[in-house]
Amino acid sequence: MNIFYTACIDVNVDNADSRHVLEVCESFSRSGHNVSLFVPKIKKYRKKTELKIIYVATPAKSVLLNYLLFYIFLIPYILVAYFKYKPDVLYSRYMASEIVITMIMKLLGCRYIAEVNGAFLDELRLKKSNSLLIKAVKIFENRLFNVADKIIVVTSGLKDYINCTFNIAIDKIAVVNNGVNTDISRPLDINKCKEELGLDKNRDYIVFVGSLRLWHGVNRLVEIVKYLSEKKDNICLLVVGSGPEEERLSKQISEASLTNKILMTGKVQHERVPLYIGSSLVCIAPYPDTVVSQHGFSSLKIREYMSCGRPIVTTNVGGLYEFVAENGCGTVVENNTDYEIAETILETINNKQEWQNISNTARRYATDNLSWDSAANNIISIINSSS
């Protein structure tokens, strides 16, 4: 199959979006499909890859403007490539602004598959964005979802959301969960990890990994650590990643006099993230109950925690109980309070036998069920069903 994949990402920024796109494209390629990945021309991909990456240049000097103009300047690039490679499918990591190129490719007889990873309208409302912008996005989304041959979402909650909000037939929407690279995210010896990172071997670490966004529960971390410190003096939280809430979190930590209890690493290369997870006894994902969480999570951080064989403490939102607790990979707190999260972390640390059982179960579940190849194969099956 000849697949054109469009994604408005910077391939050199090591975040969940770029990893998702590159892992899926490489899995497609390993399965024998011809993949052309169209991305904004910011910088060429630094790592070695067999992927065919087509960089779309715009006259923009800033990265933000480059993103905004990407789908306009994509048109000539994709038309030239269309007549050269004759694609079967246009597969897009969905953005509302792609409507023009989508309509052109549909007129040329190309199937259109939209991959949706979040409820963009609800995210805009959570950020209190301009009402006119929200209305415009809803119009574009409605048009795109109606012309798509298939819509791929990462949770069943998103499937229900698109079905109800845009009146899209339920059999047009398919769920494919995110994957994890089980070769990179792997169990490591806790003491060796501490030594390599220069961490105090006498301290007990817990870890939060990911982009620092409000709906990830970043604003709860200080209170959780306050509770923990009252019960266990040698505990320390590693916050691995960066994002919109980074500056605010740093200020909260300083004001609470917890700079020796919460270490912020900033952005870390993906290949080194397992060292931080490996240094820790418990991995946390303290998602609050928001409109975003109601659509479910297909969290990359939780998959990486599992693949590294570390127990998880998370909250009972977005289908996480079924994913984490029912698969024996950690504990989901029933009452979504900072105090209960802290108490559950302590219980997990103190129960050594159960800790080892959860560690083994989590790793086994990840290797058996969560590979990117498995996710990509499911996507190909869905694409084939759209013909």
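Placed above this text is the structure.
Residues numbered from 1 in each chain as written. Predicted model: local features only at pLDDT ≥ 70, side-chain atom pairs only at ≥ 80, totals over all residues. Heavy atoms only, no water.

Asker: How do you make sense of the sheet that holds strand 3 (residues 52-56) when you look at a structure like this?
Answerer: Each strand in a sheet pairs with its neighbour through backbone hydrogen bonds, running either in the same direction (parallel) or in the opposite one (antiparallel). Overall, parallel pairing links the seven strands, which are arranged 3-2-1-4-5-6-7 in an open sheet. In the strand order of this sheet, the two ends are held by strand 3 and strand 7 (173-175), each with one partner. Neighbour-to-neighbour, the strand axes of this sheet turn through a mean angle of 25°, independent of strand direction. With four bridges joining them, strand 1 (residues 2-6) and strand 4 (residues 89-93) adopt parallel strand pairing. For Tyr 5, the partnering residue across the bridge sits in strand 4 and is Tyr 91. (Pairing = 2+ DSSP bridges. Helix = DSSP H or I, 4+ residues; strand = E, 2+ residues; numbered from the N terminus. Axes fitted to C-alpha atoms, helices over the stretch in contact; angles between N-to-C directions.)

Asker: Help me understand the packing of aromatic side chains, please; the structure alone is not making it clear to me.
Answerer: Aromatic rings considered in pairs are described by the distance between their centres and by the relative angle of their planes. With the rule as written, the count across this model stands at nine aromatic pairs. Ring geometry for Tyr 82 versus Phe 83: centroids 5.1 Å apart, planes at 90°, classification edge-to-face. Since its relative accessible area comes to 11%, Tyr 82 is described here as buried. When the centroid spacing of 6.2 Å and the interplanar angle of 90° are considered together, the rings of Tyr 161 and Phe 166 count as edge-to-face. An aromatic cluster is defined as three or more aromatic residues linked by ring pairs; in this entry it consists of Tyr 5, Phe 28 and Tyr 91. Over the ring of Tyr 85 we find Lys 52; its NZ or CZ atom is 3.6 Å from the centre of that ring. (Phe/Tyr/Trp six-rings, centres within 6.5 Å; stacked < 30°, edge-to-face > 60°. Buried < 20%, exposed > 50% of the residue type's maximum accessible area, 1.4 Å probe, protein only. Lys NZ or Arg CZ within 6 Å of the ring centre and 35° of its normal.)

Asker: What should I look at first to understand empty space enclosed by the protein in this one?
Answerer: The gaps left among the atoms become clear once a water-sized probe is rolled over them. Summed over all chains, the structure comprises two cavities of 30 Å³ or more. Estimated volume of the largest cavity: approximately 80 Å³. If you go around the largest cavity, the residues you meet are Arg 19, Glu 23, Gly 179, Val 180, Asn 181, Ser 185, His 270, Leu 300, Glu 304 and Trp 372. Looking at the lining of the largest cavity, the elements that each hand over two or more residues are helix 1 (16-30) and helix 11 (300-307). Within the lining of the largest cavity, the residues separate by chemical class into three nonpolar, four polar and three charged. Reported here for the second largest cavity is a volume of approximately 50 Å³. Forming the boundary of the second largest cavity are His 20, Val 24, Tyr 91, Glu 115, Ile 152, Val 153, Val 154, Val 176, Asn 177, Trp 372, Ala 375 and Ile 379. In terms of residue count, the dominant contributor to the lining of the second largest cavity is helix 15 (residues 372-385) (three residues). (1 Å grid on protein atoms, 1.4 Å probe; cavity = no way out; pocket = protein on both sides within 12 Å on 5 of 7 lines; lining within 4 Å. Points joined across faces, edges and corners; volume = space filled by probe spheres on them. Nonpolar A, V, L, I, M, F, W, Y, C, P; charged D, E, K, R; others polar.)

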